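# Architecture at a glance
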Amino acid sequence: MIPELGHFALALAFAIAVAQAALPLWGAQTRDARLMAAGPALAAGQFLAVLTAFFALMWSYAVSDFSVVNVAENSHSLKPLLYKLTGTWGNHEGSLLLWCTMLAGCGAAVAGFGRGLPTALRARVIGVLGLVAAGFLLFALTTSNPFDRLWPPPDDGRDLNPLLQDPGLAFHPPLLYAGYVGFSVAFAFAVAALIEGRVDAAWGRWVRPWTLAAWSLLTGGIALGSWWAYYELGWGGYWFWDPVENASLLPWLTGTALLHSAIVVEKRDALRIWTVLLAIATFSFSLLGTFLVRSGVLNSVHAFANDPARGLFILVLLALTIGGALALFAWRAPGMAPTGLFAPISREGALVLNNILLCSMAAVVATGTMYPLFADFLFGHKLSVGAPFFNATVLPLAAPLLAAMAVGPVLAWKRARLEEAARRLWPAALVAAAVGLAAGFGWSAVPALGFAGAAWLIGGAVVDIAGRARWSMARLAGIPRAAWGGAVAHAGLGVTVAGIAGMTLAVDRSVLLHPGESAGLGGYDWRLIAVADGRGPNFSLRQARIEVTRSGDHVVTLTPQRRFYPVQRMTTTEAAIHTTGLADIYAVLGEERDGAAVLRLHLNPLAPWIWIGALIMALGGALSLSDRRLRVGAPARRRAALPAGARPA
Amino acid sequence: MTRKHRRLLLLGLGALGLGTAAALTLTAMSDNLVFFIPPSEVAEKAVVGRNFRLGGLVEQGSVVRGAEAGTPTARFRVTDGAATITVTYSGILPDLFREGQGVVTLGALQPDGTFRASEVLARHDETYMPPEVAAALKRTGHWDPAKGAPPPATSWNTLDPKRVN
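Residues numbered from 1 in each chain as written. Chains lettered and ligands numbered in written order. Predicted model: local features only at pLDDT ≥ 70, side-chain atom pairs only at ≥ 80, totals over all residues.

### Some words on the overall build of chain A
Check the secondary structure of chain A and you find 18 helices and 11 strands. What you see for chain A is a C-alpha radius of gyration of 26 Å, in line with the 26 Å of a compact globule of 649 residues. Overall, the C-alpha framework of chain A stretches about 80 × 75 × 55 Å when taken along its three principal axes. Counting every position in chain A, which comprises 649 residues, the buried fraction comes to 56%. Taking all contacts inside chain A whose residues are at least 6 apart in sequence as the whole, residues at least 24 apart take part in 75%. (Helix = DSSP H or I, 4+ residues; strand = E, 2+ residues; numbered from the N terminus. Rg over C-alpha atoms; globule rule 2.2 N^0.38 Å. Buried ≥ 20, exposed ≤ 12 C-beta atoms within 10 Å, placed from the backbone. Contact = placed C-beta atoms within 7 Å.)

Laid out in structure tokens, this is it:
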């Protein structure tokens, strides 16, 4: 009964979405206030309906209703409840439903928080979101219905891929999707602005909080995924340039560019057309990521759907959405006159540089990710583009970006002088040079440059805040939260860069040890004590005990495991990780032969900093978001300061 | 500086960024593209010392595990039903590495005709077959996709492939 209710709610949501697309858009065009006013209610209704469907599916998972195909194929009665619930989105149909829920949530959020927006703009934004939602709901209903029934129901389910039975991965998809889908709001704003033929400073102010929220969530989602790969896949690495990882990095790169160019639109009323294009590009990359993952055209750990019909449907959806938006852009953008004059050396100039570099990075990552597909379709070559390609192309573009990142915030708007920036930034430069030199003596050039870059970024953020405060507590307290957020996010990237630089110094070693024997790595002594059997809720395990000592002193006892999941007949590796904050001591248990165990030992300097830095970045975004000035709907404290283009709602 | 000059400068900067990106992409591509070569095409296509991905099925009964200077090593044969190549690897084999199953390895051909792998990928469930391997099997005529699912992986090495080494 519950699954049928869910199915009905999903179909209802589609019908509401069609209305949500048609009525407000038509109303905004004909200036019909009643039709426009229908938008928010329809958006809320659609969200309610999709949410009902989502919880109906989650319910089926919670009670292990194996008469639902989706549950039978992806769940098992012995699975812990947490993974039964999170298993809802551990498969194609469920994750698509999650996607639709998020999208409907975005529409409802615009309806709820967007009261301060001009009525016509809000109606158009809600309408565009409804249009996108209708496409995806139709996709779910026709090709990927999660509520299909199975008769007779099997005795038990086929279980979820054990790799996904993990707390990190349980929450990685919702965060990532919230980020992906969050950019749909910026996209809808861009399309609405194109329809209206008007982009102004107020538009920049309205788009920015939505972009910030999506960006923060996406940052968190990517970091969580990377952390999962680090501890669950047991290869000791944190980023593999896997096509699906790249698919999430692309909207992040253009989204970061969008975040910054929207500042220029808001503060200086310049770069308007470019920002609209970026908003379209960012959501397009989100859709592309969905297509790549969901269609199964890319060979990856994540590809659980392999159905050409679905791939074709998403491709058509993609072509309609992106093609439609770009066609609208080509038609309307030339009518928007470029505005805003600024000198090349200025805050705007620095933000332009940021945009150029970020978009260039996105371009090379997109090329490397898509090239194998094209090579296969066009030339029949089976090839792959691996980490060396991405390192060789992305790092040279990242270096000038990092160098400019500390300079940009201390430059004045419109026209700035580099001497002035140098006068303020010399402490950061000094610290960076000292760190780089110290690291250069200890290690090779690449980590030294990385550490210097990290120190430069963190130092630059401190200088930025100090320059605003100028030794006055009152001024320090008066710094707007948006400025704090920017500085914190920049410093967060510095922490991540330090972590990445540290990981270039990681060492590892594979050893074959009998119990009682030991091996040395990174100044530590690793002794295998014993290997024993054990049991978990739905798996059996082998567990090694390794005592790690440093010059005779006990450091930690590591217990890496190999788990065997009988239902899926699959073995997984559970790495044992002990972090000191400055390094991870990391051990993996491999196969056993003749009483000896194969162990892989890693010492990963500064590894945790990578994710801590990402968390700081996301927090910086949240801090900036909490700035009162950015909240649409919050009463503006200084009405007179409202930009000329803004109309009171 | 006039408005026009500024716009030209911006345009120039943008072109410079894209140009750098394109140049980086092209140089990196010429060095870092990794081709997939099935065992039967190794003799014709592989260059000694240049990295490529070798994939196929791990031949039944071919895996020999050993140790060199305390580091675990493995030696196994990879087949596509028409030819086999001996692969050597030092390190931990992935959880899903099993005889009779699809595998993709990254490495280079050695002068003695064996393949030295630096990475062994077998990271899906045990019914999974890497698409490149499936395509190679189809090409060598051991699997006609029109006739349904591929035969059980464990039977592949009884197809008596001609040995390359």
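### Some points on the overall build of chain B
If you tally the helices and strands in chain B, you get 3 helices and 8 strands. Listed N to C, the secondary structure of chain B is α-β-α-β-β-β-β-β-β-α-β in terms of helices and strands. Buried residues in chain B amount to 38% of all 165 residues. The contacts in chain B between residues at least 6 apart in sequence include a share of 61% that link residues at least 24 apart.

### Considering the environment of A404 of chain A
Residues and elements named next belong to chain A. Note on placement: A404 falls in helix α13 (residues 387–407). Of the residues examined, A404 has 17 C-beta atoms within 10 Å and is grouped as partly exposed. Along the primary structure A404 and L353 are separated by 51 residues, whereas in three dimensions their C-alpha atoms are 8.1 Å apart. If we skip the residues at most four places from it in the chain, A404 touches A350, L353 and N354.

### Focus: the environment of H554 of chain A
Residue and element names in this part refer to chain A. For H554, the position within the fold is in strand β6 (residues 553–558). The exposure class of H554 is exposed, given the 9 C-beta atoms found within 10 Å. Residues H554 and D525, spaced 29 residues apart in sequence, show a C-alpha to C-alpha distance of 9.6 Å. Among residues more than four places away in sequence, those in contact with H554 are E547 and T549.

### Overview of the packing of helix α15 (residues 445–469) of chain A against helix α17 (residues 481–503) of chain A
Residues and elements named next belong to chain A. Remark: α15 packs on α17, axes separated minimally by 8 Å, with the N-to-C direction vectors making an angle of 165 degrees. On the basis of their axis angle, the class for α15 and α17 is roughly antiparallel. Crossing handedness for the pair α15 and α17: left-handed. Of the residues in α17, those in contact with P447, G450, F451, G453, A454, L457, I458, G460, A461, D464, I465 and R468 of α15 are A483, A487, H490, A491, L493, G494, V497, A498, I500 and A501. Looking at the contact of α15 with α17, its residues break down into 15 nonpolar, 5 polar and 2 charged. (Axes fitted to C-alpha atoms, helices over the stretch in contact; angles between N-to-C directions. Parallel < 35°, antiparallel > 145°, perpendicular 65-115°, else oblique. Left-handed = near helix turned anticlockwise from the far one by under 90°. Nonpolar A, V, L, I, M, F, W, Y, C, P; charged D, E, K, R; others polar.)

### A look at helix α1 (residues 2–30) of chain A
Taking 1.5 Å of rise per residue, the 29 residues of α1 of chain A would be expected to cover 42 Å, and the 41 Å separating its terminal C-alpha atoms lies within 8% of that figure. Phi turns positive, to about 55 degrees, at R31 of chain A, one or two residues after α1 of chain A. (Expected span 1.5 Å × (residues − 1).)

### Side note on the packing of helix α2 (residues 33–62) of chain A against helix α5 (residues 92–113) of chain A
Residue and element names in this part refer to chain A. For the pair α2 and α5, interaxial distance at closest approach is 8 Å and the crossing angle is 155 degrees. Here α2 lies roughly antiparallel to α5, going by the angle between them. Handedness of the α2/α5 crossing: left-handed. Counting all contacts with α2, which are made through G39, P40, A43, A44, Q46, F47, V50, L51, A53, F54 and L57, the residues of α5 involved are G94, L97, L98, C100, T101, A104, G105, G107, A108, V110 and A111.

### Here's the deal with the interface of chain B and chain A
With 38 residues of chain B in contact, the opposing surface of chain A contributes 40 residues. Split into classes, the residues belonging to the side of chain B that touches chain A amount to 20 nonpolar, 9 polar and 9 charged. As paired strands, strand β1 (residues 383–385) of chain A and strand β1 (residues 33–37) of chain B are joined by 3 bridges and run antiparallel to one another. In the strand pairing of β1 of chain B, L383 of chain A is matched with F35 of chain B. (Pairing = 2+ DSSP bridges.)

### Examining unusual backbone geometry
Residue and element names in this part refer to chain A. Here the residue pair W151 and P152 is connected by a cis peptide bond, since its omega of -5 degrees sits within 30 degrees of zero. Following the sequence through the fold, P152 ends up in the loop between α6 (119–143) and α7 (167–196). Notably, R31 is not glycine yet its phi reads approximately 55 degrees, a positive angle. Positionally, R31 belongs in the loop between α1 and α2. Even without a glycine there, the phi angle at L606 is positive, about 60 degrees.

### Looking at the sheet that holds strand β11 (residues 596–605) of chain A
Residues and elements named next belong to chain A. The antiparallel open sheet is built from 4 strands, whose spatial order is β2-β11-β10-β9. In this open sheet, the two strands that pair with only one neighbour each are β2 (507–513) and β9 (576–579). Between one strand axis and the next, the sheet turns through 15 degrees on average, direction left out of account. Here 9 bridges tie strand β10 (residues 583–593) to β11, and the two strands are oriented antiparallel to one another. Paired with A583 across the two strands is P605, which belongs to β11.

### Some details on α7 of chain A
Residues and elements named next belong to chain A. Compared with an ideal rise of 1.5 Å per residue, which puts 30 residues at 44 Å, α7 spans 45 Å between its outermost C-alpha atoms and is within 8% of the ideal. Most of α7 is tucked away: 24 of the 30 residues are buried. Phi turns positive one or two residues past the end of α7, at G197, with a value near 70 degrees.

### Side note on the pairing of strand β8 (residues 570–574) of chain A
Residue and element names in this part refer to chain A. Across the 5 residues of β8, 4 count as buried, placing the element largely inside the fold. One ladder, built from 5 bridges, connects strand β7 (residues 561–565) with β8; its direction is antiparallel. Along β8, the bridge assignment pairs F564 with T571. Connecting β7 to the next strand, β8, in antiparallel fashion are 4 residues, including R569 with a positive phi near 50 degrees.

### Looking at the confidence of the model for chain B
Residues and elements named next belong to chain B. Looking at chain B, pLDDT values average 75 and 72% of them are 70 or higher. Confidence scores differ between elements of chain B, with strand β8 (residues 162–163) showing the lowest mean pLDDT of 39 and strand β5 (residues 83–90) the highest of 90. Note that pLDDT drops below 50 for residues 157–165; the model gives that stretch 23 contacts with residues more than four away or on any other chain. Of the two predicted TM-score estimates for the complex, the pTM is 0.89 and the ipTM is 0.74. (pLDDT = per-residue confidence, 0-100.)

### Here's the deal with the pairing of β1 of chain B
Residue and element names in this part refer to chain B. Of the strand pairs in this sheet, β1 and strand β2 (residues 51–58) are connected by 2 bridges, and their pairing is parallel. The residue of β2 that forms the bridge with I37 is L54. Viewed along the sheet, the connection from β1 through helix α2 (residues 39–45) into β2 turns out right-handed. (Right-handed = clockwise from strand over helix to strand, strands pointing away.)

### Observations concerning the confidence of the model for chain A
Residue and element names in this part refer to chain A. Mean pLDDT over chain A: 87, with 94% of residues reaching 70 or higher. Scored below 50 in pLDDT, residues 300–305 shows 16 contacts in the model against residues more than four places distant or in partner chains. Note on residues 632–649: pLDDT is under 50 here. Beyond four places in sequence and across chains, it has 25 contacts.

### Some points on the environment of L141 of chain A
Residue and element names in this part refer to chain A. Relative to the elements of secondary structure, L141 occurs in helix α6. The exposure class assigned to L141 is partly exposed, which follows from the 17 C-beta atoms found within 10 Å. Taking the C-alpha atoms as reference points, L141 and P334, separated by 193 residues in sequence, lie 39 Å from one another.

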